[in-house]
There are 2 protein chains.
Amino acid sequence: MRQNTTGLLLVVSGPAGVGKGTIDTELMKRNPRIKMSVSATTRAPRPGETDGVHYFFKTPEEFEQMIRDDAFLEYMHVFGMNYYGTPKAYVCEQLQAGNHVILEIDVQGARKVKETFPNAVRIFIAPPSMETLKARLIGRGTETPEQIEKRTRTAFTEMRDMPACDYIIVNDDLETAVNQLEAIVRAEQCSVAHNHEIINEFLGGMEQC
Amino acid sequence: MRQNTTGLLLVVSGPAGVGKGTIDTELMKRNPRIKMSVSATTRAPRPGETDGVHYFFKTPEEFEQMIRDDAFLEYMHVFGMNYYGTPKAYVCEQLQAGNHVILEIDVQGARKVKETFPNAVRIFIAPPSMETLKARLIGRGTETPEQIEKRTRTAFTEMRDMPACDYIIVNDDLETAVNQLEAIVRAEQCSVAHNHEIINEFLGGMEQC
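A quick note: this is a predicted structure, and the numbers were derived from the prediction, not measured. (Residues numbered from 1 in each chain as written. Chains lettered and ligands numbered in written order. Predicted model: local features only at pLDDT ≥ 70, side-chain atom pairs only at ≥ 80, totals over all residues. Heavy atoms only, no water.)

J.: Any chance you could break down the overall build of chain A for me, citing the residues and the numbers?
T.: Of the regular secondary structure elements, chain A holds 8 helices and 9 strands. Its C-alpha atoms put chain A at 70 × 45 × 30 Å along the principal axes. The contacts in chain A between residues at least 6 apart in sequence include a share of 66% that link residues at least 24 apart. Entry remark: accessible area of chain A is about 10300 Å², with carbon and sulfur atoms responsible for 51%. Taking the 23 positively charged and 29 negatively charged side chains of chain A as two groups, their mean positions are separated by 3 Å. (Helix = DSSP H or I, 4+ residues; strand = E, 2+ residues; numbered from the N terminus. Contact = heavy atoms within 4.5 Å. Areas by Shrake-Rupley, 256 points an atom, 1.4 Å probe, with all protein chains shown as cover. Lys, Arg positive; Asp, Glu negative; His and termini not counted. Charge placed at Lys NZ, Arg CZ, Asp CG, Glu CD.)

Spelled out as structure tokens, the structure:
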């Protein structure tokens, strides 16, 4: 009997600037079975962005039809301007093909996904300290105090979600953080929650012994 | 802020002959922070066994005094003859020193430990198939049919405990199984359950921001 080979849904969150994207990209380099979810959005493509690769670009009408069709795992309105969402179809296809899918989404989206997929694994990437986070949010001094204030408030709201996650990775060293995320993927494939089928096969098989 | 460095209590169970000892020994070679718990017993030392290394050898009176002193994480009577138990002191010392401790105990003991230490991580080592397990139990043909029947019944009782564990490792390849156990240790160090302190530090720190 073999370990579960169906894919894992990995929901990665954490405040802006914490290094989520870099960690995820490094992990994908190591493990070709790990795929990044492609979001849908109503914002216009930027130079170099390809439909279906960076985003699925949609008109507001198309996006709203997808909402009515229950085609999203989660979606949101950013600043009341553009829609962003995670289409179910791509995620489900990848999971069924045995790939793991990373969703890099905000905590509100993460909570919605966990409601739909209780087996989703929630990973929070935290900064080494609040001071580092604040320094990163203040950034290169190009933002107005109001913008910094807004980013700080958002980041702090994200941080409050830590206890609702399954794992915390403190990103003070990229290599260590990637190793930790890789270990989480490997360990979760062994979790009882992801191996009910194998357990049932064993226990079913025992009836016949 | 750094990831949690306190030790993990790893409770490894699985039917006799499944390879628990080999996997644990290999893991300890890779990670010097992982220690095997030393059991106490009332049985006589066998040639080559050292007190405090292989077992803590006790008289029945000493063992029973330890029971009265609540000095065991779990203990049992084997065939109504000898006592076997896991002394709390050694385990707690190792955990406080930041080492991880493996308890290789039966499912009844494992359940007791999980009651006392809800954060204990329960790992079940399963055979590749029920057929393999039966073949191993029948062994080299040196046992009576009654002994085989007894070992089979015990093994099957152990297997029924799989759903109560946190992780299942199917031992069809030693290297893979050790990698999986190593990943579980690394992942669990990042689990929210093992990082409440760091979370509280972050959330406490935010109040002052």
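And the narrative resumes.
J.: I'd like a description of helix 4 (residues 107-116) of chain A, backed by residues and values.
T.: Residue and element names in this part refer to chain A. Every buried residue of helix 4 is listed here: V107, G109, A110 and V113. Relative to the axis of helix 4, the buried residues are bounded by an arc of 155° and lie together on one face. When the buried face of helix 4 is taken as reference, the exposed residues oriented beyond 90 degrees from it are Q108 and E115. Where helix 4 is buried, its residues contact strand 1 (9-13), strand 5 (72-78), strand 7 (100-104), strand 8 (121-126) and helix 6 (145-159). (Buried < 20%, exposed > 50% of the residue type's maximum accessible area, 1.4 Å probe, protein only. Arc of directions from axis to C-beta.)

J.: Can you tell me about unusual backbone geometry, naming the residues and giving the values?
T.: With a phi close to 55°, D70 of chain A is a non-glycine residue in the positive phi region. Within the element layout of this structure, D70 of chain A appears in the loop between helix 2 (60-68) and strand 5.

J.: Give a detailed account of the sheet that holds strand 3 (residues 40-41) of chain B, specifying residues and quantitative values.
T.: Residues and elements named next belong to chain B. In spatial order, the strands read 4-3-6-5; together these 4 strands make up an open sheet with mixed pairing. Two strands bound the open sheet, and with one partner strand each, they are strand 4 (56-57) and strand 5 (72-78). Where strand 3 lies against strand 6 (residues 82-87), 2 bridges are found, and the strand directions are antiparallel. Counted as the bridge partner of T41 is Y84 from strand 6. Relative to strand 6, helix 2 (residues 60-68) is tilted by about 45°, and along the sheet it contacts strand 3, strand 4, strand 5 and strand 6. (Pairing = 2+ DSSP bridges. Axes fitted to C-alpha atoms, helices over the stretch in contact; angles between N-to-C directions.)

J.: Break down the packing of aromatic side chains for me, with residues and values.
T.: Residue and element names in this part refer to chain A. The tally for this structure, following the rule as stated, stands at 16 aromatic pairs over all chains. Geometrically, the ring pair formed by F63 and Y83 is stacked, given 4.7 Å between the ring centres and 10° between the ring planes. Pair noted here: F63 is in helix 2 and Y83 is in strand 6 (residues 82-87), with a separation of 20 residues, a long-range link. Note on Y83: relative accessible area 11%, which makes it buried. Pairing F72 with Y75 gives two aromatic rings, centres 5.9 Å apart and planes at 50°, and the pair type is tilted. On the accessibility criterion, Y75 (33% relative accessible area) is partly exposed. Here the aromatic residues F63, F72, Y75 and Y83 are joined through ring pairs into a cluster of three or more. It is K112 that lies over the ring of Y75; its NZ or CZ is 5.8 Å from the centre. (Phe/Tyr/Trp six-rings, centres within 6.5 Å; stacked < 30°, edge-to-face > 60°. Lys NZ or Arg CZ within 6 Å of the ring centre and 35° of its normal.)

J.: Describe the sheet that holds strand 5 of chain A, naming the residues involved and giving the relevant values.
T.: Residues and elements named next belong to chain A. Spatially, 4 strands are ordered 4-3-6-5 in an open sheet, and the strand pairing comes out mixed. Unpaired on one side and paired on the other, strand 4 (55-57) and strand 5 mark the two borders of the sheet. Each neighbouring strand pair of the sheet contributes to a mean axis angle of 25°, computed without reference to strand direction. Taken together, the 2 bridges between strand 3 (residues 39-41) and strand 6 define a ladder with antiparallel strand orientation.

J.: An account of the interface of chain A and chain B is needed here, citing residue identities and associated values.
T.: At the interface, 38 residues of chain A touch 38 residues of chain B. A buried area of about 3500 Å², summed over both sides, lies between chain A and chain B, and 69% of it is on carbon and sulfur atoms. The interface formed by chain A and chain B holds 0 salt bridges in total. Our count for the contact surface shared by chain A and chain B stands at 4 residue pairs in polar contact (both at pLDDT 80 or more). Mapped by element, the contributors of at least two residues to the side of chain A that touches chain B are helix 5 (130-138), helix 6, strand 9 (167-170), helix 7 (174-190) and helix 8 (196-207) of chain A. For the side of chain A that touches chain B, the per-class residue count stands at 25 nonpolar, 6 polar and 7 charged. (Buried area = accessible area lost by both parts, 1.4 Å probe. Salt bridge = Lys/Arg side-chain N within 4 Å of Asp/Glu carboxyl O. Polar contact = N/O pair within 3.5 Å; in protein donor to acceptor, adjacent residues only side chain to side chain. Nonpolar A, V, L, I, M, F, W, Y, C, P; charged D, E, K, R; others polar.)

J.: Please give an account of the relation of the copies chain A and chain B that cites residues and values.
T.: The operation relating chain A to chain B is a screw motion whose rotation component is 180°, with 0.0 Å of axial translation and a residual RMSD of 0.0 Å. Taken together, the rotation and translation relating the two chain copies correspond to the operation of a two-fold axis. Looking at the rotation axis and the C-alpha trace of chain A, the residue lying nearest is A183 of chain A, at 2.3 Å. Most of the interface of chain A is mirrored in chain B: 100% of its interface residues are interface residues there too. (Least-squares fit on C-alpha atoms with pLDDT ≥ 70 in both.)

J.: Explain the pairing of strand 6 of chain A to me, and be specific about the residues and the numbers.
T.: Where strand 5 of chain A lies against strand 6 of chain A, 6 bridges are found, and the strand directions are antiparallel. Paired with Y75 of chain A across the bridge in strand 6 of chain A is G85 of chain A.

J.: Please provide a residue-by-residue account of the nonpolar core, values included.
T.: If you look at the biggest cluster of nonpolar residues, it comprises 40 residues, and the most contacted ones within it are I123 of chain A together with I123 of chain B. Residues in contact with I123 of chain B, not counting those within four places in the same chain, are L10, V11, V12, S13, Y167, I169, L181 and I184 of chain B. (Core = buried A, V, L, I, M, F, W, Y, C linked by side-chain atoms within 4.5 Å.)

J.: Give a detailed account of the pattern of salt bridges, specifying residues and quantitative values.
T.: Summed over all chains, the structure comprises 18 salt bridges over all chains. Ionic pairing is found between E182 of chain B and R30 of chain B, a salt bridge with its closest N-O pair at 2.7 Å. Of this pair, E182 of chain B sits in helix 7 (residues 174-190) while R30 of chain B sits in helix 1 (residues 20-30); the two residues are 152 residues apart in sequence, bridging distant segments of the chain. Residues participating in the shared-partner salt-bridge network are R30, E175 and E182 of chain A.

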